[in-house]
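Each chain, written out:
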Amino acid sequence: MTQTISRRHFMQAAAFAGTAGLSGVFPGMSFAQDGRKLTVRFNRDFDSLDPGFYVGGHPNNDVNWCCMPSLVHYGFRDGQATWIPSPFVESVVARDSTHIDFRLKQGLMWSNGFGELTTDDVAFSYERMTTSEWKSDYVAFDRVDIMDRYSGTIVLNQPFAPFMNTTLASGTGIILSRKATESVGGKFTTEAPATCGPYVYAWTQGQHVKLTRNPEWTGDAPYFDSIDALIVTEDDSAALAFEAGELDCTQISSEALARYKEKPPADSALTVAGALQYMWLGMNTEHPKLKDLRVRRAIQSAVDQASIIQGAYAGTAEASYGVVSPGLVGKRDSAGYSHDPGMARSLIEEAGASGLELTLRTLNNQERILAATIIQANLAEIGINVTVMPLDAGPFWEMGQESKGDTWKDLEIWIMRFGSGPDPYEPFQWFIRDQVGIWNWERWSSDEFEELFKMGIEEVDSNERAKIYTRMQEIMEETGAYVWLTHEPEVFIHRSDISAKFAPSGEMQLPYFSRT
């Protein structure tokens, strides 16, 4: 078995390394031969493909990168995550810190008769993102100056180091057809009104997503004729399917990783696709049961992080001390609290909260359920009775969003994991004041945090950025609303003859897959 596990892939990239004259081609591309089929696993159905109003991550980005345009994609240079021009462009050049010139390839057609991909589509897509749920990715975006049908310049209103890697290369850099999007009222979910890419998709809910060659695609052809993405929600079932030869590539659990490192399946390879994830136990600061800071700090002190890493992740996950992931500027090496059940009991007694009953909500997968069970036992030791409520992906990702119903009013504590791009700016955007009721489910705000967030956008010096982001994590921790848990790795097992490509955030870059 080959193991390609390296933390160096997750180092912060030089975001504005100008790349003049490069054209986006898929490595090892050639036109298809018979029998080129790939079978992979998605761990859930996608909820939306609209880059302005979706959860992101798996499997939404995996599908969009097959079927939708963008100016740049993730790549690696010298072991570091960076951006590369996509197959949709002749060139992308970061001329300076506030101007990015691009030229689209000609003749790339939208489906359903919506015409050719043009600069106007790029301008429309990015302007639309400034008022979307992901608007923080576009905080420095000013406009697109359209030169002609295929050429333009992205103009930023200030230098913004993460713009190439965090904004354009991630899923929020997807380009939509203006005409098609406006024809459906400006938003969509799982049925994209028009696609433009090397593949088209067909989705059978709860079963599979089928990606097949786009007959209208005139760009470079990917290696595989078709990709079947089977929806397998359980990690153990996916591992068994791989061992049985039913999958060519699947994400696996920490328990399976520990097992495969000892005794791998034949002809297999392990790849850590990303450790840019941060997981925590969150608390609703507005809920009557949790308004008292002493209760929240008691929960911080009661939870045994080391037991969770060993018991739920077989020791394979890295301890987290904030939202900045390993390899990025601002990563902390310790928290401002420690596991201290005695202190936790004293705080609960002081707050008069003994016998408190809480509901802990979590995604229904093996590691999260195990982590939740350990937290349940930890809190029982200090007189808090916890009911664990496992949820499927749909209701889980909606539970703290005011636009999705009233569940947010009853939300008490939960296990949450977000993914990040290869820049420390990205995780903080979800905890600003504007995100309360959207993704800031802890529902707090801080003037100091808001000011530091603005400073981080403008700062380019790494040492100063580290100071800013360290302080921002301290502020989050001081609310008592966060118990840092792990930086959970995204680990995949695949056939050893498959050249698998992943984004630093852990999604599969399926059009770049090939067979060696």
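Calculation notes
- Residues numbered from 1 in each chain as written.
- Predicted model: local features only at pLDDT ≥ 70, side-chain atom pairs only at ≥ 80, totals over all residues.
- Heavy atoms only, no water.
- pLDDT = per-residue confidence, 0-100.
- Contact = heavy atoms within 4.5 Å.
- Buried < 20%, exposed > 50% of the residue type's maximum accessible area, 1.4 Å probe, protein only.
- Helix = DSSP H or I, 4+ residues; strand = E, 2+ residues; numbered from the N terminus.
- Pairing = 2+ DSSP bridges.
- Axes fitted to C-alpha atoms, helices over the stretch in contact; angles between N-to-C directions.
- Parallel < 35°, antiparallel > 145°, perpendicular 65-115°, else oblique.
- Left-handed = near helix turned anticlockwise from the far one by under 90°.
- Nonpolar A, V, L, I, M, F, W, Y, C, P; charged D, E, K, R; others polar.
- Core = buried A, V, L, I, M, F, W, Y, C linked by side-chain atoms within 4.5 Å.

## Quick look at the confidence of the model for the protein chain
Across the protein chain, pLDDT averages 90, with 93% of residues at or above 70. Every residue in residues 1-34 is under pLDDT 50, and counting partners more than four places away or in other chains gives 107 contacts.

## Here we look at the pairing of strand β8 (residues 151-156)
With six of six residues buried, β8 is to be regarded as a mostly interior element. With burial as the criterion, each face of β8 is covered, one bearing Ser151, Thr153 and Val155 and the other bearing Gly152, Ile154 and Leu156. The pairing of strand β6 (residues 99-104) with β8 spans five bridges and is classified as antiparallel. By the bridge assignment for β8, aspartate 101 is matched with threonine 153. Between the antiparallel neighbours strand β7 (residues 141-146) and β8 lie four residues.

## Here's the deal with the packing of helix α14 (residues 447-458) against helix α15 (residues 462-478)
At their nearest, the axes of α14 and α15 sit 10 Å apart, and the two run at 155° to each other. What the angle tells us is that α14 and α15 run roughly antiparallel. As for how α14 packs across α15, the hand of that crossing is left-handed. On α15, the residues touching Glu448, Phe449, Leu452, Phe453, Met455, Gly456 and Ile457 of α14 are Arg465, Ile468, Tyr469, Arg471, Met472, Ile475 and Met476. Tallied by class, the residues present in the contact of α14 with α15 amount to ten nonpolar, one polar and three charged.

## Points about the nonpolar core
Of all hydrophobic cores here, the largest spans 139 residues; its most connected members are Leu71, Ile154, Ile299 and Phe431. Sequence-distant contacts of leucine 71, defined by excluding residues within four places in its chain, comprise Ile84, Pro85, Ser86, Val89, Val92, Phe102, Leu104, Val122, Tyr126, Ile154 and Ile175. Of all hydrophobic cores here, the second largest spans ten residues; its members include Ala239, Phe242, Ala256 and Leu257.

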